[in-house]
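# Structure at a glance
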Amino acid sequence: MVEWHGYKGKILRVNLTKKEVKVEELKKDWCKLYIGQSGFGAKILWEEMQPKTDPLSPDNMLISSTGPFTGTLIPGSGSISYQFKSPATEAWAETRSGGSFGPKLKFAGFDLIVVTGKAEKPVYLWVHDGTCEIKNAEQLWGKTVHETTDRILREIGQPEASVACIGPAGEKLVKFAAIMNDYDRAAGRTGGGAVFASKNLKAIAASGEEGIEAADPDKFYEAVMEASETMRKYFFQELIGGLGTIGLVNALNAAGTLPTKNFATCFFPAADTVSGETLAEKYLIKRRACFGCTIGCGRYAWVPFGRFMTPPHEGPEYETTDMIGIQSLLEKENLEAIIRANYLCNNYGLDTISTGNVIAFATEAFEKGVITEKDTDGLKLEWNNPNLLLTLIGKIAKREGVGNLLAEGVKRAAEKIGKGADKFAVHVKGLEVPAHDPRGESRSFAIQYAVEPRGACHMHPNWAGAYDFVPLDNGLKPHGLPWPPPDKFAETGVKRGVAYKLLALHGELAEMLGICRFYLWGGEDFGLTCLTPKRLATLYSTLTGFKMDEFELMKAAERVWNLKRCFNVREGLTRKDDKLPKRLLEPIMTGPTKGQAVKDPDGILDEYYEASGWDKNTGIPTRRKLEELGLKDVADKLKL
Amino acid sequence: MEMKVILKYAGIVHEITGKLSEEIELGAETSLSDILRRLALQYGLRFKEHVFDYKANKPAPQILILLNGKIIQDYDRKINDGDFVSIMPMVSGG
């Protein structure tokens, strides 16, 4: 019998069609090769999913995975990640959340759950103490996220359990429906909520009392204490911990990189009305933190009275504030409307980034006359109308009227509308661009938005500004990070491809180990108070007993990053899909960065492909690169 | 010839100055360090300690100074009419 440390060593397999639950042993050799969380997800989806599977069919696979760090004493280890084929992009999907669902899954005895098939009627899974029960969820179908969570916790009689569930938006197969956990934590992107619903899966509840063993408890404890002491001096503690991510609003506005009015510009004169400072002054109840987190970026806020009255709940984040508020130019009763919108999205189970993006797109379409009141059920779409915005959120969640079109996501909505609407549909591969702009913040976003396998993402694999927006090395200098960083607007000839490759792999490590990415950012000039690859290697080795140094860990990250790319290649995605939206090639209209635009997206991409060992013409990893990573079988399958 | 420069503040700089933005008029041949020195004199010791030490000619740790969105390290650089100078804390993603 294998002794496991860090890992639980068990995969839970649930076939909803056959109502079968099986427990299988985790393969030991996967650990050093794929590490965990989305690394395991990539391996399973590559091996077991057929190409061109319909994402909303029973043949799609839904993996809920944790990493070896999840649920341990390591700071920032409250992590759950889901992998599947996305109904929005028809490509690789991964979506991550904090809270305590991931740790509870480990305490229940499992590293990951693989769900296949489709239940006859709505069900939820109750995962606990090494087993899984498939329970009737018919009475929960149609209920909001908060109500579903309350009812399940009452039914299972374990108030300390964690519940991951979908809301009405998922049930309506909205292409950007979220998987919510612990009431307000969102695995928002890529439409995981719709995949849940396509399986008649309403929720997963998890709890247990199994511990997680360390291979070398003394050395592990020492490494944990060193990491925790370091994180007490986290470089961004005052900002992210003190104000929450919404604290970015005023600062990014001052820098001229606050996306505004469907990315027409990056400067919003009324930014302070929706800032972290205003939230703290008027609506904040207290801070919140995920499991094991030393940063505590969560906000718990409310609107106690008035027409946007909202009960206490977690949020709003920076992304929500910008994408829902600033992109629609909310200037009247701004923050109250945004808080209300956040509460609605959390309860309907909607990704706030995609929701805000598609509403801003629709408003611009209406302004340009590309859609009219005939298309919008008589609604006059206009900027700066909070009531309208809240109405649209409801319509999207229920797929009512124009909401049915918008629920398809900005790519499909633009295709259906035609008339040049694609010119201001701001997405990559069908995933809506979030509130970080390559024109104003860093040209590294031009690489990330183009090549990230799930589409345009500001945080997967890493925050792309963690190099030249603020000069940070994150402990990557031993790996060859070009230093000092270039001008953030410089596009080619500055080794940006090399630098971004390392940033991406460091981010992938967080995604495989099961920690929050906020823990990755720090600079040698500022005490390197972050989880560098070196620190991660010490933690991994002492926890799991699998000895790996920082270079081997980064190699594993490169393996998984390339495997995800190959999943997409198998689905037919190549360089042609690594395309930035037209809006990001247009100059910023106002503010400190007026005139900035991405001028040479192809040149930037060429340099990144070269740094990564990918074919410049096709964007496909070369056979040589794949064999170097031990992925010869993948190269064979792709006939490279 | 008079020039106009737009200053943008955030974080502790906002706290110390009490403003998020202001415009100032300057003569030609004004450098960035001239502007920062003027602000330090205007806003007092807290500005010098926490934002820009004009005697050492460098910003406080964790302060970013941007010119039209770009990080600037040459404070003797001359400013042009209509330039934006952002003085703010270093910020992360999120």
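Keep in mind that what you see is a predicted model, and the values were worked out from it rather than measured.

### Some details on the overall build of chain B
Along the backbone of chain B there are three helices and seven strands. Listing each helix as α and each strand as β along chain B from the N terminus yields β-α-β-α-α-β-β-β-β-β. Taken against the 2.2 N^0.38 rule, which gives 12 Å for 94 residues, the C-alpha radius of gyration of chain B at 12 Å falls within 12% of a compact globule. The buried share of chain B, reckoned over its 94 residues, is 37%. In chain B, the share of contacts with a sequence separation of at least 24, taken over all contacts with a separation of at least 6, comes to 57%.

### Some words on the overall build of chain A
In terms of regular secondary structure, chain A is built from 23 helices and 17 strands. Projected onto the principal axes, the alpha-carbon positions of chain A cover approximately 65 × 60 × 50 Å. The 640 residues of chain A split such that 64% are buried. Counted over contacts in chain A with a minimum sequence separation of 6, partners at least 24 positions apart contribute 70%.

### Topic: the packing of helix H18 (residues 496-513) of chain A against helix H21 (residues 601-612) of chain A
All names here are of chain A. Between H18 and H21, whose axes approach to 8 Å, the crossing angle comes to 60°. Classified by the angle their axes make, H18 and H21 are oblique. In this structure, H18 crosses over H21, and the sense of that crossing is right-handed. Mapping the contact onto sequence places Arg496, Gly497, Val498, Tyr500 and Lys501 in H18 and Ile604, Glu607, Tyr608, Glu610, Ala611 and Ser612 in H21. Here the residues of the contact of H18 with H21 sort into five nonpolar, two polar and four charged.

### Quick notes on the interface of chain B and chain A
As a measure of interface size, the accessible area lost when the parts come together is often cited. With 22 residues of chain B at the contact, the number on the chain A side is 31 residues. Elements that contribute at least two residues to the side of chain B that touches chain A include exactly strand S1 (2-9), strand S5 (63-67), strand S6 (70-71) and strand S7 (84-89) of chain B. By residue number, the principal contributor to the side of chain B that touches chain A is S7 of chain B, which donates four residues. Here the side of chain B that touches chain A is composed, by residue class, of twelve nonpolar, eight polar and two charged.

### Some details on the nonpolar core
Here is a general trend for soluble globular proteins: nonpolar side chains tend to be buried in one another's company. If you look at the biggest cluster of nonpolar residues, it comprises 237 residues, and the most contacted ones within it are Tyr124, Val127, Ala205 and Leu350 of chain A. With residues near it in sequence (within four places) discarded, Leu350 of chain A still touches Ala169, Val174, Phe176, Ala177, Ala178, Cys345, Thr355, Ile393, Ile396 and Ala397 of chain A.

### Looking at the sheet that holds strand S9 (residues 162-165) of chain A
Residue and element names in this part refer to chain A. On the basis of which strands lie adjacent, the open sheet formed by six strands has the order S8-S7-S12-S9-S10-S11 and mixed pairing. Looking at the sheet topology across the chains shown, the edges are occupied by strand S8 (131-136) and strand S11 (185-187). Averaged over all pairs of adjacent strands, the angle between their axes in this sheet comes to 20°, without regard to strand direction. Sitting on the sheet, helix H4 (residues 145-156) touches strand S7 (123-128), S9, strand S10 (179-181) and strand S12 (201-207), and the angle it makes with S9 is about 135°.

### Thoughts on the environment of His436 of chain A
With respect to the helices, strands and loops of the structure, His436 of chain A is situated in the loop between strand S17 (431-432) and helix H17 (444-451). Using a count of 29 C-beta atoms within 10 Å as the deciding quantity, one classes His436 of chain A as buried. Spatially, the C-alpha atom of His436 of chain A lies 9.6 Å from that of Met459 of chain A, the residues being 23 residues apart in sequence. Beyond its immediate chain neighbours, meaning those up to four positions away, His436 of chain A contacts Glu441, Phe445, His458 and Gly465 of chain A together with Gly93 of chain B.

### Notes on the pairing of strand S3 (residues 62-65) of chain A
Residues and elements named next belong to chain A. Judged by which residues are buried, S3 turns out to be covered on both faces: Leu62 and Ser64 on one side and Ile63 and Ser65 on the other are all buried. Here three bridges tie S3 to strand S4 (residues 80-85), and the two strands are oriented antiparallel to one another. Across the sheet, Ile63 pairs through a bridge with Gln83, a residue of S4.

### Remarks on the pairing of S1 of chain B
Residues and elements named next belong to chain B. When S1 meets strand S2 (residues 21-27), the two strands line up antiparallel, connected through seven bridges. Bridge pairing links Lys8 to Ser21 in S2. Bridge count between S1 and S7: four bridges; the pairing is parallel. When the bridges of S7 are listed, Tyr9 appears paired with Ile87.

### Description of the sheet that holds strand S5 (residues 92-97) of chain A
Residue and element names in this part refer to chain A. Reading across the sheet, the six strands line up as S2-S1-S6-S3-S4-S5 and stay open at both edges, with mixed pairing between neighbours. Only two strands of the sheet have a single neighbouring strand rather than two, namely strand S2 (20-25) and S5. Between one strand axis and the next, the sheet turns by 15° as a mean value, whatever way the strands run.

### Examining helix H12 (residues 334-348) of chain A
Residues and elements named next belong to chain A. Taking 1.5 Å of rise per residue, 15 residues should cover 21 Å, and H12 covers 21 Å from first to last C-alpha, within 8% of that figure. Where burial is concerned, most of H12 is hidden: 15 out of the 15 residues are buried. Trailing H12 by a residue or two, Gly349 shows a phi angle of about 80°, which is positive.

### A closer look at the environment of Arg412 of chain A
All names here are of chain A. Structurally, Arg412 can be placed in helix H16 (residues 410-417). Given 18 C-beta atoms within a 10 Å radius, Arg412 is considered partly exposed. When the C-alpha atoms of Arg412 and Ala425 are compared, they prove to be 9.4 Å apart, with 13 residues separating the residues in sequence.

### Some words on the confidence of the model for chain B
Summing up the model confidence of chain B, the mean pLDDT is 93 and the portion of residues at 70 or higher is 99%. Prediction confidence for the complex, expressed as pTM and ipTM, is 0.97 and 0.96 respectively.

### Thoughts on the environment of Phe69 of chain A
Residues and elements named next belong to chain A. Summarising the element assignment, Phe69 is placed in the loop between S3 and S4. Along the chain, Phe69 and Arg151 lie 82 residues apart, while their C-alpha atoms are 30 Å from each other. Other than its neighbours up to four places away in sequence, Phe69 contacts Ile74, Ser77, Leu513, Gly514, Ile515 and Leu539.

### Points about the packing of helix H11 (residues 318-325) of chain A against H12 of chain A
All names here are of chain A. Their axes nearest at 10 Å, the elements H11 and H12 cross at an angle of 110°. Here H11 lies roughly perpendicular to H12, going by the angle between them. Each of Thr320, Thr321, Ile324 and Gly325 in H11 lies in contact with H12, whose residues at this interface are Asn334, Ile338, Ala341 and Asn342. Looking at the contact of H11 with H12 residue by residue, the classes come out as three nonpolar, five polar and no charged.

### Looking at helix H20 (residues 550-570) of chain A
An α-helical turn contains 3.6 residues, so a residue and the one three or four places further along point in the same direction. Its 21 residues give H20 of chain A an end-to-end C-alpha distance of 30 Å, which sits within 8% of 30 Å, the value for a rise of 1.5 Å per residue. With 17 of its 21 residues buried, H20 of chain A lies for the most part within the structure.

### A closer look at unusual backbone geometry
Residue and element names in this part refer to chain A. Cis peptide bonds are those with omega within 30 degrees of zero, and the linkage from Gly315 to Pro316 qualifies with -5°. You can see Pro316 is positioned in the loop between strand S15 (310-314) and H11. The omega torsion across Trp483 and Pro484 is 0°, close enough to zero to call that bond cis. The phi angle at Phe263 is positive, at roughly 65°, despite the residue not being glycine.

What counts and what doesn't
Residues numbered from 1 in each chain as written. Chains lettered and ligands numbered in written order. Predicted model: local features only at pLDDT ≥ 70, side-chain atom pairs only at ≥ 80, totals over all residues. Helix = DSSP H or I, 4+ residues; strand = E, 2+ residues; numbered from the N terminus. Rg over C-alpha atoms; globule rule 2.2 N^0.38 Å. Buried ≥ 20, exposed ≤ 12 C-beta atoms within 10 Å, placed from the backbone. Contact = placed C-beta atoms within 7 Å. Axes fitted to C-alpha atoms, helices over the stretch in contact; angles between N-to-C directions. Parallel < 35°, antiparallel > 145°, perpendicular 65-115°, else oblique. Left-handed = near helix turned anticlockwise from the far one by under 90°. Nonpolar A, V, L, I, M, F, W, Y, C, P; charged D, E, K, R; others polar. Core = buried A, V, L, I, M, F, W, Y, C linked by C-beta atoms within 7 Å. Pairing = 2+ DSSP bridges. Expected span 1.5 Å × (residues − 1). pLDDT = per-residue confidence, 0-100.

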